[in-house]
Amino acid sequence: MNYENILSEHSNGITTITINRPKKLNALNRATIQELHDAFEAADTDGDTKVIIITGSGEKAFVAGADISEFADFNVEEGGDLAAQGHEILFDFVANLSTPVIAAVNGFALGGGLELAMASHFRLASDNAKMGLPEVSLGVIPGYGGTQRLPQLVGKGRAMEMIMTAGMIDANKALSYGLVNHVVPQEELLPLAEKIASKIMRNSSVAIAEAIGAINANYDDGVNGFEVEIEAFGNCFGTEDFVEGTTAFLEKRKADFPGK
Ligand code: COA
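Residues numbered from 1 in each chain as written. Predicted model: local features only at pLDDT ≥ 70, side-chain atom pairs only at ≥ 80, totals over all residues. Heavy atoms only, no water.

A. Local environment of the overall build of the chain. Within the chain one finds eleven helices and ten strands. Since a compact globule built from 260 residues should have a radius of gyration of about 18 Å, the 19 Å found for the chain is in line with a globular shape. Projected onto its principal axes, the C-alpha coordinates of the chain cover approximately 60 × 40 × 35 Å. Going through the 260 residues of the chain one by one, you find that 43% of them count as buried. Sequence-distant contacts in the chain: of pairs separated by 6 or more residues, those separated by 24 or more amount to 68%. For the chain, the exposed surface amounts to about 13,500 Å²; the carbon and sulfur share of it is 53%. One finds the centroid of the 19 positive side-chain charges in the chain at a distance of 9 Å from the centroid of its 36 negative side-chain charges. (Helix = DSSP H or I, 4+ residues; strand = E, 2+ residues; numbered from the N terminus. Rg over C-alpha atoms; globule rule 2.2 N^0.38 Å. Buried < 20%, exposed > 50% of the residue type's maximum accessible area, 1.4 Å probe, protein only. Contact = heavy atoms within 4.5 Å. Areas by Shrake-Rupley, 256 points an atom, 1.4 Å probe, with all protein chains shown as cover. Lys, Arg positive; Asp, Glu negative; His and termini not counted. Charge placed at Lys NZ, Arg CZ, Asp CG, Glu CD.)

What follows is the structure, encoded as structure tokens:
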């Protein structure tokens, strides 16, 4: 598929999606959000992709936020619609994908950029990365899940401070907050993401999909995550991957999962 604002490349089970508007610091305009949806959906359903890596082009930014020029003249209704559509098309969509999504945060991840990284299943950062939710400095609040996912990841007090001050934290602080799992020099960021992806790919993709659903259930209002886990656990027993995984263990060989 041809995209104008992103690149999507597939190699050895990994689809790397790169947001490619470096002159605008990869800001998320409407067209980019739609293309990201299409690329994530294509990767999730192509049958070959075992892990998706999302990153930004250039050395400066992952994503510097939603494209401010697109919503500066919106009214109350348009603002609400913007957030609702963003959740549906991209942010909740990514969070609930059954293919693992790793965000490789290669520079500024601000506003919608940090929200996209937080919707991903986990995050790595380069040592030049800076992260924040600066929306209140524009007279608005985070609208793509930031008020919910930031406290889930870093705790309520830190999220309150970050959102109220509109400030940025550097990669090492993000690491100490648990917002990112690893920090490396920029040139090592994608190699590290690929190394972690290859570890993930050794395991059962159907079991991983069940695990993502069960972990996410912990954050779904009115859902008992333990019950979701019990059902997901049971589902695994009906898969070819389970037969292969347990048989391989008992036969003292490496499992070769069919992914079914
Ligand atoms: N929306 C639209 N355009 C953006 C953008 C955004 N969120 N972030 C950056 N850009 C554009 C700038 O307008 C500029 O475009 P121009 O060259 O046509 O003037 C270009 O990207 C480069 O940004 P610039 O501000 O010149 O870079 P900088 O190095 O001086 O500053 C930032 C970098 C990230 C600190 C600064 O761009 C910034 O504060 N961006 C907005 C962050 C934000 O508030 N995001 C939340 C949005 S809800």
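B. Layout of the sheet that holds strand β8 (residues 130-132). With respect to topology, four strands assemble into an open sheet ordered β4-β6-β8-β9, the strand pairing being mixed. Two strands bound the open sheet, and with one partner strand each, they are β4 (61-63) and β9 (168-170). Here the strands of the sheet are splayed against their neighbours by 20° on average, with no regard to which way each runs. Bridge count between β4 and strand β6 (residues 108-110): two bridges; the pairing is parallel. In the strand pairing of β6, Ala61 is matched with Phe108. Contacts from helix α4 (residues 112-119) reach β4, β6 and β8, with the element oriented near 90° to β6. (Pairing = 2+ DSSP bridges. Axes fitted to C-alpha atoms, helices over the stretch in contact; angles between N-to-C directions.)

C. Layout of the packing of helix α1 (residues 30-45) against helix α3 (residues 76-95). At a closest axis distance of 9 Å, the pairing of α1 and α3 adopts a crossing angle of 30°. Considering the angle they form, α1 stands roughly parallel to α3. Taken as a pair, α1 and α3 cross one another with a handedness that is left-handed. On α3, the residues touching Arg30, Ile33, Gln34, Leu36, His37, Phe40 and Glu41 of α1 are Leu82, Gln85, Ile89, Leu90, Phe93 and Val94. Of the residues in the contact of α1 with α3, the class split is eight nonpolar, three polar and two charged. (Parallel < 35°, antiparallel > 145°, perpendicular 65-115°, else oblique. Left-handed = near helix turned anticlockwise from the far one by under 90°. Nonpolar A, V, L, I, M, F, W, Y, C, P; charged D, E, K, R; others polar.)

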